[in-house]
Amino acid sequence: MTTKQSQKIYLKDYTKPHFEILSTQLDFNLNEDFCRVVATSKIKTVKGGSSLHLDGTDLELVSVSINNEKLNPSQYTVTAESLEIAHVPESFELRIETRLYPQNNTSLEGLYKSRDIFCTQCEAQGFRKITYFLDRPDVMTKYSVTIEADKKKYPVLLSNGDRIKVEDVGNGRHKATWNDPHKKPCYLFALVAGDLGVIRDHFTTKSGRKVNLEVYAAHGKQERCWHAMESLKKSMKWDEDTFGLEYDLNDYMIVAIDDFNAGAMENKGLNVFNSRLVLADSTSATDGDFHAIESVVAHEYFHNWTGNRVTVSNWFQLSLKEGLTVFRDQEFSADMSSRSVQRIIDVDSLRERQFPEDAGPNSHPVRPESCMAVDNFFTATIYEKGAEVIRMMQTIVGRKGFRKGMDEYFRRHDGQAVTTEDFAAAIAEPNKKDFSQFKLWYHQSGTPEVIVSEKYDAHAKEFHLTLAQSCAPTPGQTDKKPFHIPLLLGLLNSKGQEMELHCEHVTRNSDGRTLIELCEEVRTYTFKLVPERPVLSILRDLSAPVNLKWDAKVEDLYFLMEKDTDEFNRREAAQKVILGLFSKLIGHHRQSKPLEVDASFIAAIGKVLHDENISESFKAQMLQLPSDVVLAQQEDLLDAPAFFAARKAIRHALAIAHKQKFTEIYNKYHDVEPLSRDPKVFGHRLYKNIALSFLQELDDPSMTEIVVQQYQTAKNMTDQLVAMELLASSGSHYRQQALEDFHQKWHTDSVVLNKWFTAQAFSSRRDTFDVVKSLTEHPSFNINNPNNVYALLRSFTQNYAIFHSPDHPAYEFLADMILKIDEKNPQVAARLCAAFNFVKKFPPHMKDKALSQIRRVVSHEKLSKNSRELLQSAL
């Protein structure tokens, strides 16, 4: 039987709206026990039929009027999800009054209260929890807003656009009037009302217009917003310089909110942010936090053009705005720091978050065809793989060509709701490219595999490169057509120098970069005038989101680790060597053989440590081992104990062999510019702390003393947190003291305290399951706060050695948590379901346990469609 919770919606059923909303006036009257909303819209019929169907959930309808005449209940129908008026004129004014109870709204969608702050979140379908409306992204209109509230409790009243006036209205209340001159879909509507601190600055656009900038946070925390402010100004300047895009309103506001399902929201002119992505100073935020804040502030600002000015016609097109904007924020971050290191970070994230999605039960295309819950579209595939699709376009046409295409995109579609097809056409046509086959990246799911075969003919002085592509079946897609795959590449001579490429199928984009565009299932490329056997460097920058199946000679990989002119591929070669080592050690663990690490690998890492020609940031990336998520994709069986043992063996072997060098690194960078926010110094600090983490592997009391000393004397959160994380996994008697000290210092600051939860959730100690379970009852843990849930529970599911241990009922525990959270906040519960993505790879006894718990959750009658959709696929 098909239930409402299991019904799907399909892209093929999309039709354009039958009505146009010319303008909307929203009047909010905010009170402690309820909120009154009056929505007055001028509407006209544009396409067939006189029946008006409006979306609405969890609303108390007070009245409906058309052209100032109140309708009686017989003239409309109200259901749990809609309001339908059977007969409406061609043009009319619709007035709807609703009553809301934001203080009871735990879904954090629509209008809700975060502590004592009224706040909205309308993407994707939250506006229907505010009033009955055409809640779809292709209905764009201009909004005017009034907000009335108690002046003492809510002195700050914010909405989109320009602040027209603020006035007292008597009885200790005041009212603010806002007007947004730009048309927008209702998912970009925003309102904030509360007693907030603020910092102010301004930015002058390249045309000379002054923009007022404001960042709001809880009183006492606004001084931790200056990094976000500086990041915003950098973003505005970068978008002008890179894409010629200026900001288009007089004000730009950011508000930090503690209770928020996602990271941030790009509401026009009024961004609402999760506090963890705004608040930062050296004592409370890590270097990683500073980087994340800069990136996300940029992301939301860039949405002003790629998402707001040009939006999506329907939610199946979500990657049109999100993939494009992720690509833009990645490029921004690369320009703010090291381009190669940033690319490594982005690709690691892609492989840890999106590749598993492509290989799992919920695999879906960048532009999906169906869904149960629109909220489930907000995935790594839509965002990160979507960004890779955009990046491939830029790789094919080059940066100059891509800028030409972006200019054309805005010329054609400014102020419109469009599709991925429209974007592809805007990039292709000015560059005289045919993207017909390329657009399969939008329609076909899965990660393609490219098999690499190479042969050198010394007599003919020719190098033959054969590439064969395939893509495994994914849910609903058994047969895949060949993709259009751009592959950046080079050939190196024995000295590590780039060879000139003489091959008719190698092209150069507008940046002069050499690439092959593989469009066939199999193709051989012949390179002529090759004087010696070359070493192939292929898929530079991960120029396409594919898996390479390449049995490269191990000596070639070590050569590339040391000499490749492309830093990204130096690190790729290292990862390929390490993955091969992991596979061998995992196999040995299963066979109860000794776990011995190859001397050649240890020596190769030694060369990295002693290389004076590469940055500390890059060296830090060379020392990073692949995560368990990456190992799970490579191995046939998710054998968490074997993964842990292999990782321990590799780290211990490197620590023993390079103890002296790691000690030198730690001492050299131990106290260098502890308060600096320079990306170069961030690299020094990361390198030093990685060295410390290796030294801690030695189980040497003197090394633990160094960790303890770093915790006690740290002058920044980065150093203190690394020390606490190392202690959290140790048997040191100081472990508990450090955890208690950190909690005592930060227990009133939920943003910082989440680091405390995460450190314990990732601990490798055998008692971690019991600790995590007890922390769900800790007074500082609030199961209604998404950040708390992600910091503790989602982190725990990523601790493979403990979460997948047969010694604990971790799967049952997680199922209980999903059910408990799902009742109040389906979006947050759904994010925990990803823990079962690899269920088909679990060992038989663990698979049975997991499937039993999945069935238990799915059988729950009131389970949300968000969680149901993700878990049903695993069955």
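Conventions we followed
Residues numbered from 1 in each chain as written. Predicted model: local features only at pLDDT ≥ 70, side-chain atom pairs only at ≥ 80, totals over all residues. Heavy atoms only, no water. Pairing = 2+ DSSP bridges. Helix = DSSP H or I, 4+ residues; strand = E, 2+ residues; numbered from the N terminus. Contact = heavy atoms within 4.5 Å. Axes fitted to C-alpha atoms, helices over the stretch in contact; angles between N-to-C directions. Salt bridge = Lys/Arg side-chain N within 4 Å of Asp/Glu carboxyl O. Buried < 20%, exposed > 50% of the residue type's maximum accessible area, 1.4 Å probe, protein only. Parallel < 35°, antiparallel > 145°, perpendicular 65-115°, else oblique. Left-handed = near helix turned anticlockwise from the far one by under 90°. Nonpolar A, V, L, I, M, F, W, Y, C, P; charged D, E, K, R; others polar. Arc of directions from axis to C-beta.

K.L.:
Can you help me understand the sheet that holds strand S21 (residues 264-265) in this one?
P.N.:
Within a sheet, adjacent strands bond to each other through the backbone by hydrogen bonds, running parallel or antiparallel. Across the sheet, which stays open at both edges, the five strands sit in the order S18-S19-S20-S22-S21 with mixed pairing between neighbours. Where the open sheet ends on each side, the last strands, each with one partner, are strand S18 (197-204) and S21. Across the sheet, helix H1 (residues 226-243) lies against S18, strand S19 (210-217) and strand S20 (251-257), angled at about 20 degrees from S18, the strand it touches most.

K.L.:
Would you explain the pattern of salt bridges in this entry?
P.N.:
Side chains bearing opposite charge may pair, as long as their charged atoms lie close to each other. This structure, assessed with the given rule, holds 67 salt bridges. Among the ionic pairs, Asp598 bridges to Lys584, the shortest N-O distance being 2.4 Å. In this pair, Asp598 is assigned in the loop between helix H9 (567-590) and helix H10 (599-610) and Lys584 in helix H9, connecting sequence segments 14 residues apart. What makes Asp598 partly exposed here is its relative accessible area of 31%. Accessibility expressed as a relative area gives 32% for Lys584, which makes it partly exposed. Here the residues in one salt-bridge network are Glu331, Asp335, Arg339, Arg391 and Arg399, joined through shared partners.

K.L.:
Honestly, the packing of helix H23 (residues 810-822) against helix H25 (residues 844-858) in this entry has me stumped. Any pointers?
P.N.:
How two helices pack is summed up by the angle between their axes together with the distance between the axes. Where H23 meets H25, the axes come as close as 9 Å, and the angle between the chain directions of the two elements is 20 degrees. Between H23 and H25, the crossing angle belongs to the class labelled roughly parallel. Judged by the sense of rotation from one axis to the other, the crossing of H23 with H25 is right-handed. Residues Tyr811, Glu812, Ala815, Asp816, Ile818 and Leu819 of H23 touch H25, and the partners they reach there are Met846, Lys849, Ala850, Gln853, Arg856 and Val857. Residues belonging to the contact of H23 with H25 are distributed by class as follows: seven nonpolar, one polar and four charged.

K.L.:
Explain helix H14 (residues 659-669) to me, please; I cannot follow it from the model alone.
P.N.:
Every buried residue belonging to H14 is among Lys661, Phe662, Ile665, Tyr666 and Tyr669, and all of these are buried. In a view along the axis of H14, the buried residues occupy a sector of 140 degrees, so they form one face of it. Structural note: H14 exposes Gln660, Asn667 and Lys668 on the side pointing more than 90 degrees away from its buried face.

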